Number of protein chains: 2
Amino acid sequence: MSFEDNIRKVVPYTPGEQPKRKVIKLNTNECPYPPSPKVFNALEDFDASHLRLYPDPECTGLVNSIADYYGRKPEEVFVGVGSDDVLSMCFLTFFAGKKPILFPDITYSFYEVWADVYRIPYKTIPLKENFDLDDEDYMIENGGIVIANPNAPTGVSEPLEKIEKIIKANHDSVVIVDEAYIDFGGETALPLIDKYENVIITRTMSKSRAMAGMRIGYAFGPEKLIKYLNDVKFSVNSYTMNMPALIAGEEAMLDKRYFEQIRDKVVATRERSKDMLKKLGFTFRDSKTNFIFAKHERVPAKYIFEKLKEHDIYVRYFNKPRIDDHLRISIGTDEEMDELFKALETILQEA
Amino acid sequence: MSFEDNIRKVVPYTPGEQPKRKVIKLNTNECPYPPSPKVFNALEDFDASHLRLYPDPECTGLVNSIADYYGRKPEEVFVGVGSDDVLSMCFLTFFAGKKPILFPDITYSFYEVWADVYRIPYKTIPLKENFDLDDEDYMIENGGIVIANPNAPTGVSEPLEKIEKIIKANHDSVVIVDEAYIDFGGETALPLIDKYENVIITRTMSKSRAMAGMRIGYAFGPEKLIKYLNDVKFSVNSYTMNMPALIAGEEAMLDKRYFEQIRDKVVATRERSKDMLKKLGFTFRDSKTNFIFAKHERVPAKYIFEKLKEHDIYVRYFNKPRIDDHLRISIGTDEEMDELFKALETILQEA
């Protein structure tokens, strides 16, 4: 017997590299543009003397701004320290049963880490060869389901119909739809929270609202599920969101126009990047996200990944079965993508 | 069978009220003074365009500043979203066994909430009649121990010798010493991390560094325990600390002089408050914290609590066995305390 026996031992998630020197960073799906000018103003106007007090534990202003934006009730909104915090709380809250939860074999790799850390049994369901999800695979007994739509790192966007079938067929499980990338395209499941009592939708301000550094995520769900989620949140940490996050998040949400502008720019660059990557000999499923998950017809992904690093361009490579021949390339500015294409041209010629 | 069966149902912690209108707020042990001017400067200088990127997941600058300040290695330091986040991670990491963990019956009431949410068996050990802790009570089989020193809400500070006895006798358990209030007095157990491999010390910037609104807590421990803690942290959320927290925390840590100034002011006001409260007929154990846990010789605590609210003065009242005759009064500015004494005088005369 030793205290070691009482320790929860886990293999943590490995986030994409955050290099400290200046590089072209296309490896963690960040937004290439700064946040809304309203965020700058709010932070400038913030009186730091307020910091002596605890922040609003209910996050009223932020929750209300999200509810307003999407035409929902505040009671249907939950907020957290990035969608990772939101998803982690969802796993802890909704997957406390004994039956295995289900998610695809190729998806956000944090799902299995959360399952491990909270000792939740799980079963991964292989995607089809082309990375499509088969809703029929989710018609088996389970303790919960998590689907990222659009999926990461594949970029594949599933039709709402398929998602709804899964939710409908699994009324005895909570189904989490992780919509981290929904703002760049794809069909949201948000209206389904009026129709089904077992669905939670998670979102983030890290990608489309250019606020990865502020750590803000949110979720929508029927009031009852949001209540359960808040009970667990208030059992873990009463004050998860600090004052700068609360004010910046609210302002980012209010600036609809700026949000649409930068989103449209990312989407335009993505569409142009698809053409360029095709010309360079890459194949990929059509992406509705802010990244492209591509495979080269001839040159191994790992080789390209390493060579790009030598050019100070970081993309994401997953050394994992079924996807180790792919690169996940975040959409940067047009200038950054041009640098990428130039480097790829050189690398592919030399290979 | 329904999805309700898979839901983790809990009774959350109730934090002290955060009234939205202006009151004299002596109910959540916040600092009455603003954070260091260096924090103001750092936030003013912060370029919000960085927010588009993820923050440093290792929190290098903040961790190093804490390590430097206390003369420890960075590998012995862990940081989180307030000491609640740090403690929550500690419970999750170190108390994964089947034997009950131990903590006093009167202490920070979040301990039993964390034990509940993580389904950790626990046993509360009654403090002595005078709120002293008896180290002999902790010489029984257990899966871990948590001691707040100084204790909250009692304010009682235990000698280091007693804490060390508990750590030494329980080499098969991790012992967490919650030192949220240590900066205001009391003997820290920090040197014990060199001597024992089973001890974790937790701290916060919410009280003595006037940064409750920024959510920064930290812990010290032997490298091995800090490694386990980080593994769990990185299995829950890679990026818990946002950019403003990272820079503000570092600056607050560097400004030793300001920290000592405001701490000394709080301590001086506390000592004066003790005299005043005694004159008003209150009794209390000597406090080395930024609050006083006091009982009136004649008038019930609940009555005083409610009357003070009518005077727009908020203190904390716990409607719980053994302590429902006490009020926990945070130390405010001298002016705020004078208002309190004036109001108390009126209330007690009328009672």
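Conventions we followed
Residues numbered from 1 in each chain as written. Chains lettered and ligands numbered in written order. Predicted model: local features only at pLDDT ≥ 70, side-chain atom pairs only at ≥ 80, totals over all residues. Axes fitted to C-alpha atoms, helices over the stretch in contact; angles between N-to-C directions. Helix = DSSP H or I, 4+ residues; strand = E, 2+ residues; numbered from the N terminus. Parallel < 35°, antiparallel > 145°, perpendicular 65-115°, else oblique. Left-handed = near helix turned anticlockwise from the far one by under 90°. Contact = placed C-beta atoms within 7 Å. Nonpolar A, V, L, I, M, F, W, Y, C, P; charged D, E, K, R; others polar. Buried ≥ 20, exposed ≤ 12 C-beta atoms within 10 Å, placed from the backbone. Arc of directions from axis to C-beta. Pairing = 2+ DSSP bridges. Least-squares fit on C-alpha atoms with pLDDT ≥ 70 in both.

Peer 1: How should I be thinking about the packing of helix H3 (residues 82–94) of chain B against helix H4 (residues 110–117) of chain B in this particular structure?
Peer 2: Between two packed helices, the angle of one axis relative to the other and the distance separating the axes together describe the packing. Residue and element names in this part refer to chain B. Put simply, H3 and H4 touch, their axes get as near as 10 Å, and they point 45° apart. Relative to H4, H3 is oriented oblique. Read as a crossing pair, H3 and H4 show a hand that is right-handed. Where H3 approaches H4, its residues Asp84, Leu87, Ser88 and Phe91 are matched on the opposing element by Phe110, Trp114 and Ala115. Taken together, the residues that form the contact of H3 with H4 break down as five nonpolar, one polar and one charged.

Peer 1: Could you clarify how one ought to interpret helix H1 (residues 37–45) of chain B in this entry?
Peer 2: Residues spaced three or four apart along an α-helix point in a common direction, a consequence of the helix completing one turn every 3.6 residues. All names here are of chain B. Residues of H1 that are buried: Val39, Ala42 and Leu43. Seen end-on, H1 carries its buried residues on one side only, within an arc spanning 95°. The outward face of H1, more than 90 degrees from its buried face, is lined by the exposed residues Pro37, Asn41, Glu44 and Asp45. For H1, the secondary structure elements touched by its buried residues are helix H7 (243–254).

Peer 1: In this structure, what is going on with the sheet that holds strand E12 (residues 326–330) of chain A? I would like to understand it.
Peer 2: In a beta sheet, neighbouring strands are held together by backbone hydrogen bonds and run either parallel or antiparallel to one another. Residue and element names in this part refer to chain A. An order of E9-E10-E12 is seen for the three strands of this open sheet, with the pairing classed as antiparallel. Pairing within the sheet leaves two strands with one partner each, and these edge strands are strand E9 (282–284) and E12. Within this sheet the neighbouring strands show an average axis-to-axis angle of 40°, counted without direction. Alignment of E9 against strand E10 (residues 291–296), held across three bridges, turns out to be antiparallel. Opposite Phe284, over in E10, you have Ala294 as the bridge partner.

Peer 1: Explain the relation of the copies chain A and chain B to me, please; I cannot follow it from the model alone.
Peer 2: To go from the first copy of the chain to the second, apply a rotation about an axis and then a shift along the same axis. The operation relating chain A to chain B is a screw motion whose rotation component is 180°, with 0.0 Å of axial translation and a residual RMSD of 0.0 Å. Here the symmetry operator amounts to a two-fold rotation axis. It is Glu44 of chain A whose C-alpha, among those of chain A, lies nearest the rotation axis, at 3.2 Å. By residue overlap, the copies meet face to face through one surface: 100% of the interface positions of chain A are interface positions in chain B.

Peer 1: What am I meant to see in the interface of chain A and chain B here?
Peer 2: Quoted interface sizes are often the accessible area lost when the parts come together. With 72 residues of chain A at the contact, the number on the chain B side is 72 residues. Mapped by element, the contributors of at least two residues to the side of chain A that touches chain B are helix H1 (37–45), helix H3 (82–94), helix H4 (110–117), helix H6 (223–236) and helix H7 (243–254) of chain A. Split into classes, the residues belonging to the side of chain A that touches chain B amount to 41 nonpolar, 20 polar and 11 charged.

Peer 1: Sorry if this is basic, but what is going on with the environment of Leu277 of chain A here?
Peer 2: All names here are of chain A. On the secondary structure map, Leu277 appears in helix H8 (residues 256–279). Put simply, Leu277 and Glu345 are 68 residues apart on the chain and 10.0 Å apart in space, counted from C-alpha to C-alpha. Apart from residues lying up to four places away in sequence, Leu277 is in contact with Phe282, Phe284, Ile292 and Ala294.

Peer 1: For this particular structure, what's the right way to read the environment of Phe131 of chain B?
Peer 2: All names here are of chain B. Note that Phe131 resides in the loop between strand E4 (122–125) and strand E5 (145–148). Placed 149 residues apart in sequence, Phe131 and Leu280 show a C-alpha to C-alpha distance of 22 Å. If we skip the residues at most four places from it in the chain, Phe131 touches Ile106, Thr154, Val156 and Arg285.

Peer 1: Explanation requested: unusual backbone geometry in the structure shown.
Peer 2: Peptide bonds are, in most cases, trans, and in most cases residues other than glycine have a negative phi. The peptide bond linking Ala152 of chain A to Pro153 of chain A adopts the cis configuration, its omega dihedral lying at 5°. As for its placement among the helices and strands, Pro153 of chain A is situated in the loop between strand E5 (145–148) and helix H5 (160–169). Following Asn149 of chain B, the chain continues to Pro150 of chain B via a peptide bond in cis, the omega torsion being -5°. Among the structural elements, Pro150 of chain B can be located in the loop between E5 and helix H5 (160–169). Unusually for a residue other than glycine, Arg119 of chain A sits at a positive phi of about 55°. When you line up the elements, Arg119 of chain A lands in the loop between H4 and strand E4 (122–125). For Arg119 of chain A, a count of 10 C-beta atoms within 10 Å corresponds to the exposed category. The backbone of Asp312 of chain A shows a phi angle near 60°, a positive value even though the residue is not glycine. By secondary structure assignment, the location of Asp312 of chain A is in the loop between helix H9 (301–310) and strand E11 (313–314). Its 14 C-beta neighbours within 10 Å are what place Asp312 of chain A among the partly exposed residues.

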